[in-house]
Amino acid sequence: MTAEPAVTAAPGPKQTDGLVGWLQSTDHKRIGILTLGTAFVMFLFDGLLGLAMRAQLARPGQHILSAQQYNQVFTMHGTGMIGLAITPFALGLGVYLIPLQVGAPRIAAPRLTLLGYWCYVLGAVTLVWAFLTPDGAAAGWWGYTPLSSSIYSPGPGMSLWVAGVFLAACGMILQGATVLWTILRLRAPGVTMLRMPVFAWTMVVTCLMTLASFPSLLTAMGVITATRIDPGLLASNAWNMAYENLFWFYGHPVVYVMFFPFVGCVAEVLAVFSGRRFFNYKGTAFSLLAFAALSMAVWGHHLFISGQQVNDYFSLTSILLTIPAGMEYFGLLGTLAGGRLRYPAAMLFALAFIPQFLIGGLSGIMLGTPSVDYAVNNSYFVVAHFHYTLFAGSVFGFFAGVYFWWPKATGFLLNERAGRLHFVLMVIGANVTYLPMFFLGLKGMPRWVVSYPGGAGFSALSLISSIGAGVIGLAMMVFLYNIYISARQKKPATADPWGGYSLEWLTSSPPPRFNYNAQFPVPRVRSFTPTLDLRERQRERQRVTLSPRAGRPVTDTVTADTRAYRDER
Amino acid sequence: MPFRHVFGQVFPLESVIAAIVFGLVLAAMAAAVIVSWRKRRRGTPAARREHLRLLEAAYGLALAGIAAFLVVVSFSANAGDFPRQDPAPTMRVQVTAFQWCWRFHYAGQPVTVTGSCAGGDYPVLVLPAGLPVEIDLTSADVVHAFWVPYLDYKMDAFPGHVDRFTVTLPRPGRWIGRCAQMCGLYHYEMDFYLQVVPQAQFSRWLHARAGAAAVSGR
């Protein structure tokens, strides 16, 4: 076993605690926890706005929110969930986990990562400010021109919205860049690209897409800025189409930025709790790359109804996504098949992710057909579709990751009973909320409406959906309660409470300042499951010493398998 | 009016395929849970295979086949929506969306229908049954979208740009139409009605409106 010399040599500057200590820390674990924590606060805030909308829509013709307030609320809900909650969940997980998973003592360019966090926080503050101004931003999270120009959104809210989106996107670009840099340049000896955990591979493609697509959002914000200075530009159709294309060139890849890391969580959790290595690892890694490349060429399917887009081309690329997505599902299901499953809360969330995300994915493929898109786009069908991908999919994957890595990050375990209750309420809440929305859309209910007439046939389904939203709210309260009682009980976590496979389970919980040291060295990495390899070698050694026929070749099947496996590497 | 017809063919087909895929995935998960339960009872360890090359290849081919099939379905549906030989429109209606209502101008006639959309004052787009009508869609301010759920079709209305499409409505009826693009404060009540009447009745209506317009000096 060889420890990386850099790890033990430099003790590094002392870390100070307290808020100031945290806010200036260059420890990727602290930056990661700050990012995830801030994003969780934003997640709860934007979730409350979601509940406010469901309250308003529970019955026809209600006046809980005015039209202006409602428009502000869904603008903040969409912008916040995407830009301030789920994207930072995705990259924050990478900031925390990637250096640990590739055996690095630190993240590459930690000050840049920290700057990314600050940009993100400033963006979040600016966006909440944009929301709270009396004439707040109310043009939806797409911010389409000319509605977002100074003629139709004259107040300061819209200007603040542009600044906030810009800042938050800058923060995510910086964090994505340093995570990718860490993966490419700071892997410990022996950790080749194809010996990284599946989660690390999902972060590779996530960061690639962040770097390739987020600058387009910055440019789009530049377009809005230009039209807020000179709204006369928008007399030309070209500016509006430029904005829409620039926006969706970011807006579609970001969907996968908010998806891949959580598939990575699910993959890690499924493998560990199925008791077997991830199935079709290489195929999954390559299909992730193919998926990322292809996903840069599908943005036009958001513009089928603009009448100014190449329908067939974007239908082709969108439907072709079926192939890499299907290969990833093959890996997930293949890992389950033949496994000996355990069912802690993390595994339950991972298992529910599979069918629930599938509903979002399959309805997404339907939307890739222009003839279907014409009928259901901008209706509640689409709202149902992307909430199945983002909430019933990504957020479930995120919670699988939270329950899985919480003990690693904090040193104590989350309560499993509360975790199971949280899970059950989440499944009920998610499906009761979002399933009726498919039918609302097919019945002709449009998005972005503050109320609907009683005779339109939307009332019963809307009420069911609102009840489901209440259950989601309850589930989140159970999760907060879980954190509270777990922090009080402080049931200590060992280095490896689950029997994990990747490197981070070899270091202490929580890990030392530079992740690995003389006490917790980085072992020789020979596969994408180094911790499992180590455990199996130890078990084999024990078997050999315990065997009465010690010294002779051992023919026990498990050991022979292990050896065959090891020789393959 | 090919959109409703095409949607009626494509959507059920894709729904059935999606339901089958969903069922297969659920079945695979259920099988894994049962197998795992039996393994635990018998004390057999988890399987160790990490690859099944032949299955992977077969599965990849099957996926490619399904994708190819869906692409063909999508292309032919799109071609069906926009037939190369669109029936020559017998009349044109210029539809202008504005914050927050609609204006329908019958081209070549002094007839314009509009409303305020507030408090149920929804304008009615009257069209003759059985005749191909070209809709010239544009906007006076921000991006709106013309959506008649019954038609299973919607199209964005852009300022400074005209989107054209042809509809033929075979039978009389009255359907709700809506704005389907976030367009500001009163987006939620930017509705209209599409009313299709027999051709003779349409001609009478058009003449009456034209006459009324002449009298009022418009």
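Structure first, text after, so check above.
Further remarks concern the overall build of chain B. A count of helical and extended segments in chain B gives three helices and 10 strands. Listed by position from the N terminus, the elements making up chain B come as α-α-β-β-β-β-β-β-β-β-β-β-α. For a compact globule of 218 residues, the expected C-alpha radius of gyration is about 17 Å, and chain B comes in at 26 Å, more than 25% above that figure. Each of the three principal axes of chain B carries a C-alpha extent, and together these read 95 × 40 × 30 Å. Across the 218 residues of chain B, 32% fall into the buried class. Residue pairs at least 24 apart in sequence account for 66% of intrachain contacts in chain B once pairs closer than 6 positions are excluded.

All names here are of chain B. Strand order across the open sheet formed by five strands is β3-β2-β1-β5-β8, with mixed pairing between neighbours. Unpaired on one side and paired on the other, β3 (111-114) and β8 (163-168) mark the two borders of the sheet. Put simply, the sheet's adjacent strands are angled 25 degrees from each other on average, direction ignored. As judged from the four bridges shared by strand β2 (residues 101-106) and β3, these two strands associate in the antiparallel manner. Looking at β3, one finds that Phe 104 is bridged to Val 113.

Attention now goes to the packing of helix α1 (residues 2-42) of chain B against helix α2 (residues 53-81) of chain B. Residue and element names in this part refer to chain B. Contact pair α1 / α2: the axes reach a minimum separation of 9 Å and the direction vectors enclose 165 degrees. Between α1 and α2, the crossing angle belongs to the class labelled roughly antiparallel. Like other packed secondary-structure pairs, α1 and α2 cross with a definite hand, here right-handed. Between α1, through Pro 2, Phe 3, Val 6, Val 10 and Leu 13, and α2, the contact on the second element is made entirely by Val 73, Ala 77, Gly 80 and Asp 81. Of the residues assigned to the contact of α1 with α2, the class counts are seven nonpolar, one polar and one charged.

Definitions and cut-offs
- Residues numbered from 1 in each chain as written.
- Chains lettered and ligands numbered in written order.
- Predicted model: local features only at pLDDT ≥ 70, side-chain atom pairs only at ≥ 80, totals over all residues.
- Helix = DSSP H or I, 4+ residues; strand = E, 2+ residues; numbered from the N terminus.
- Rg over C-alpha atoms; globule rule 2.2 N^0.38 Å.
- Buried ≥ 20, exposed ≤ 12 C-beta atoms within 10 Å, placed from the backbone.
- Contact = placed C-beta atoms within 7 Å.
- Pairing = 2+ DSSP bridges.
- Axes fitted to C-alpha atoms, helices over the stretch in contact; angles between N-to-C directions.
- Parallel < 35°, antiparallel > 145°, perpendicular 65-115°, else oblique.
- Left-handed = near helix turned anticlockwise from the far one by under 90°.
- Nonpolar A, V, L, I, M, F, W, Y, C, P; charged D, E, K, R; others polar.

By themselves, these are just geometric observations and shouldn't be taken as functional.
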